[in-house]
Amino acid sequence: MNRLIILLIFSVSFATHAKLIDKVAGVINDKIYTLSEIERIKKTVSIRKEIAPFIFLKDQYSNTEILRLLQNNYIIKDKLSELGFVIGDDAVESRINDTQTNLKLTRAELLSFLQSKGITMNEYFELIKEAMEYNIFQRRIIGPLITITDQEMKNYYFKLNSSSKAVSFKYNVIDYILPESQIQKIDQNNLKEVFEKYRISGNIPSLYSNFSTNDLGSISDEDLPKELSKVLRDTDEQSFSNLYIRDGQIHLFFVTKKELAESQEYLSLKPRIYNMIFQERSTNISANWLSRESINYYILKKI
């Protein structure tokens, strides 16, 4: 009798333990996600990030964050299906074959690699499908919501290469000129602020009123003396430069327009720069889009 009681207690304990392992972590419509499923993904984030870097952006995720990723993937798949974009198994298999060819791997070697990273072939197959779906989602749904101008790409390129001598600018500049002899050294420190106010109000103190202007039109870095080139490179568009003193005259340059010259290096990097800016912006836009779409689904989170 005692043995039977012990056996019953053990059976109940085992069943309870199994239930805890497969505890429902979340739901979206009729799709259920278990805690064990989420824990497994959590342990294999590093390889998933290699395979689908635009989905798995971080090195580590909490259970709640992984559940959100899974529910977002469901919304994306559902929306693409609604729009007629369905990734078939043949397309996924073709992508896997391409990967094998590029890496010069046999299927057995690929399976061995996946096993060493802790994921199965079925998981890899589904991850490739999700990555393909996410790419379509970004191009067809998020892409039209993002505008990137040529000037933005040039500015981005300049930030990455600001110290490079190969980077060249074109400017439209108005030169404000005062005699150096009429402005004491201490008053020169105020010149930039004075002329910034003058651009707005049209008023200028009499001390600085003896100035002339010269519209230099469009000029290029390569046509300028080294010192002047540096002054203009350090000046933002629609701003005054620091003082440039030469031959007894003080020059303040107002840069009305500043453009990065399209070097061969820039042109070759332009697609990559576009993708980098797109990725930065798409993260927030995608999050906002998914947040709006989620109200159309029954979503439950239990972790």
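Residues numbered from 1 in each chain as written. Predicted model: local features only at pLDDT ≥ 70, side-chain atom pairs only at ≥ 80, totals over all residues. Heavy atoms only, no water.

**Quick look at the confidence of the model for the chain**
When pLDDT drops low, the exact placement of atoms in the prediction is not to be read closely. Mean pLDDT over the chain works out to 88, with 91% of the residues at or above the 70 mark. Scored below 50 in pLDDT, residues 1-20 shows one contact in the model against residues more than four places distant or in partner chains. (pLDDT = per-residue confidence, 0-100. Contact = heavy atoms within 4.5 Å.)

**What about the pattern of salt bridges?**
Under the counting rule described, the total for this entry stands at 15 salt bridges. Note that Glu133 and Lys77 form a salt bridge whose closest N and O atoms lie 2.7 Å from each other. Here Glu133 is found in helix 7 (residues 121-142), whereas its partner Lys77 is found in helix 4 (residues 63-82), with 56 residues between them in sequence. Accessibility expressed as a relative area gives 7% for Glu133, which makes it buried. Measuring nitrogen to oxygen at the nearest pair gives 3.4 Å for the salt bridge that ties Lys270 to Asp150. Placement of Lys270 in helix 12 (residues 264-293) and of Asp150 in helix 8 (residues 150-160) is noted, with a sequence separation of 120 residues between them. Among the ionic contacts, a cluster of salt bridges with common partners joins Arg40, Arg48 and Glu123. (Salt bridge = Lys/Arg side-chain N within 4 Å of Asp/Glu carboxyl O. Helix = DSSP H or I, 4+ residues; strand = E, 2+ residues; numbered from the N terminus. Buried < 20%, exposed > 50% of the residue type's maximum accessible area, 1.4 Å probe, protein only.)

**Some points on the packing of helix 4 against helix 7**
Following both chains from N to C, one finds helix 4 and helix 7 inclined at 65°, their axes separated by 10 Å at the closest point. At the point where helix 4 passes helix 7, the crossing takes the left-handed sense. Contacts between helix 4 and helix 7 involve Asn73, Ile76, Lys77, Lys79 and Leu80 from the former and Lys129, Glu130, Glu133, Tyr134, Ile136, Phe137 and Ile141 from the latter. Across the contact of helix 4 with helix 7, the residue classes tally to six nonpolar, one polar and five charged. (Axes fitted to C-alpha atoms, helices over the stretch in contact; angles between N-to-C directions. Left-handed = near helix turned anticlockwise from the far one by under 90°. Nonpolar A, V, L, I, M, F, W, Y, C, P; charged D, E, K, R; others polar.)

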